[in-house]
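# Structural features, examined
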Amino acid sequence: TDLSTRFLDCAFANPLMNASGVWCYDQTELDALNLSAAGAYVTKSCTLEPRAGNPEPRYKATPLGSINSMGLPNLGYRFYLDYVAKHDYARKPLFMSVAGLSLEDNLAMVREIKAANVPAIMELNLSCPNVPGKPQIAYDFDAMDAMLAAVCREYDKPFGVKMPPYFDIAHFDAAAEILNRYPQVAFVTCINSIGNALAIDTETETVLIKPKDGFGGIGGDYVLPTALANVNAFFRRCPDKKVIGCGGVKTGEQVFQHLLAGASLVQVGTALQEEGPAIFARLADELAALMAKKGYKTLGDFQGKLKTL
Ligand code: RRO
């Protein structure tokens, strides 16, 4: 069974990687992903200046997934740019996630990333739900359009966008129509956490996390069907782009479902946080076993081939 794939002219040993934000904050965590069985990995979304993020507790696992309001804690874009500049790209591809607090901040970081001319693939985060006072850009279509126009003017390579989940066909249509105006947007990562959910502890009658009165983004089992719908919606609407699937993946079967729905690569968030980087070897083994059982030899045998009734 062959799990290898190509994406944006890079070779991947398998389609698995972390979701940005999970296990990718500092040198130690990033090095663990480099050493893991993941086919690629991505750095924590960064801002112009380092950020401490929101007060703790700001992440909790639940029986069905997780809730977080981290608030974009990161070491600042200079750290991540330095990290990606030193990476050995013959080992595996590396993505750099960027989440400026304003259009101007994104342009300042993009200028520096362009000047550094690193082989890292940029994933522009348009969907952080957790910075108080900063709405998710991709829920404001005019702001998203303006951001993409400005970033495409400033940057010279293909890049991708990290999208929030949408829940209405009209929103899939509107978002895809805007993305399709920008050929430089080579891939769409669906989905970020479902923003501003509320998890409650019945025993203590208390919210689970401290920031924003307990409101935070949820991941894990809660989000798999929403993630699959968003992957497939953008796969159908953006024929000239790739889709990266993210949401609710903790078994090889769930990786298979994302690939079937149209994902080219599959990210792991909550399950990676809970199980650690050894999860990538397990997921690769489970995906290979499922493919063998079905008689599939390569990802191309089933990727994007979801059947309808
Ligand atoms: O750091 C966060 O609070 C965070 C970010 Br930037 C994001 O994009 N998604 C998320 O669930 N948390």
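Quick note: structure is the one above.
Residues numbered from 1 in each chain as written. Predicted model: local features only at pLDDT ≥ 70, side-chain atom pairs only at ≥ 80, totals over all residues. Heavy atoms only, no water.

### Section: the sheet that holds strand β10 (residues 185-190)
Taking strand neighbours across the sheet as the criterion, the eight strands line up as β3-β16-β15-β10-β9-β8-β7-β4 in an open arrangement whose pairing is parallel. The outermost strands of the open sheet, each flanked by one partner alone, are β3 (16-18) and β4 (41-42). Strand direction decides the pairing type here: strand β15 (residues 242-246) and strand β16 (residues 265-268), joined by three bridges, are parallel. Note that in β16 the partner of I244 across the bridge is L265. Here helix α7 (residues 252-261) sits on the sheet in contact with β3, β15 and β16, set at roughly 140 degrees to β16. (Pairing = 2+ DSSP bridges. Helix = DSSP H or I, 4+ residues; strand = E, 2+ residues; numbered from the N terminus. Contact = heavy atoms within 4.5 Å. Axes fitted to C-alpha atoms, helices over the stretch in contact; angles between N-to-C directions.)

### Notes on the site of the ligand
The local shell around the ligand consists of K44, N68, M70, G71, L72, P73, N125, C128, P129, N130, N192 and S193. Here an oxygen atom of the ligand and a side-chain polar atom of N125 are 2.9 Å apart. Take S193: an N or O atom from its side chain is 2.8 Å from an oxygen atom of the ligand. For the ligand, whose accessible area on its own is 320 Å², the fraction buried by protein is 92%. Split by residue class, the shell around the ligand holds five nonpolar, six polar and one charged. (Near = heavy atom within 4 Å. Polar contact = N/O pair within 3.5 Å; in protein donor to acceptor, adjacent residues only side chain to side chain. Areas by Shrake-Rupley, 256 points an atom, 1.4 Å probe, with all protein chains shown as cover. Nonpolar A, V, L, I, M, F, W, Y, C, P; charged D, E, K, R; others polar.)

### Digging into the pairing of strand β5 (residues 59-62)
Pairing of β5 with strand β6 (residues 65-68) involves four bridges; the strand directions are antiparallel. Across the sheet, T62 pairs through a bridge with G65, a residue of β6. Between β5 and β6, which follow one another and run antiparallel, lie two residues.

### With respect to the side chain of K162
Turning to its location among the elements, K162 is positioned in strand β9 (residues 159-163). Here K162 occupies a buried position and makes no salt bridge, while the nearest side chain of opposite charge, E123, is found at 4.4 Å. Excluding anything up to four places from it in sequence, K162 contacts S20, E123, L124, N125, L126, S127, T189, I191, N192 and Q267. (Buried < 20%, exposed > 50% of the residue type's maximum accessible area, 1.4 Å probe, protein only. Lys, Arg positive; Asp, Glu negative; His and termini not counted. Salt bridge = Lys/Arg side-chain N within 4 Å of Asp/Glu carboxyl O.)

### Observations concerning the packing of helix α4 (residues 141-154) against helix α5 (residues 169-179)
Close contact between α4 and α5 brings their axes to 10 Å; oriented N to C, the two are set at 20 degrees. Viewed along their axes, α4 and α5 adopt a mutual orientation that is roughly parallel. The crossing of α4 and α5 is right-handed. The residues of α5 that touch α4, namely those facing F141, M144, D145 and L148, are H171, A174, A175, I178 and L179. Broken down by class, the residue content of the contact of α4 with α5 amounts to seven nonpolar, one polar and one charged. (Parallel < 35°, antiparallel > 145°, perpendicular 65-115°, else oblique. Left-handed = near helix turned anticlockwise from the far one by under 90°.)

### Considering the state of the cysteines
The final tally for this structure, using the stated rule, is zero disulfides. Unpaired in this structure, C24 has its nearest cysteine sulfur neighbour in C46, at a distance of 10 Å. Note on C24: relative accessible area 0%, which makes it buried. (Disulfide = S-S within 2.5 Å.)

### Observations regarding unusual backbone geometry
E56 connects to P57 through a cis peptide bond whose omega is 0 degrees. Inspection of the secondary structure puts P57 in the loop between β4 and β5. Omega for the peptide link from C190 to I191 comes to 15 degrees, which places this bond in the cis form. Along the polypeptide, I191 turns up in the loop between β10 and β11 (194-198). Positive phi values are uncommon outside glycine, yet D9 reaches one of about 65 degrees. With a phi angle near 55 degrees, N196 is a residue other than glycine that sits in the positive phi range. Position of N196 relative to the elements: it lies in strand β11. Overall, N196 belongs to the partly exposed group, its relative accessible area being 32%.

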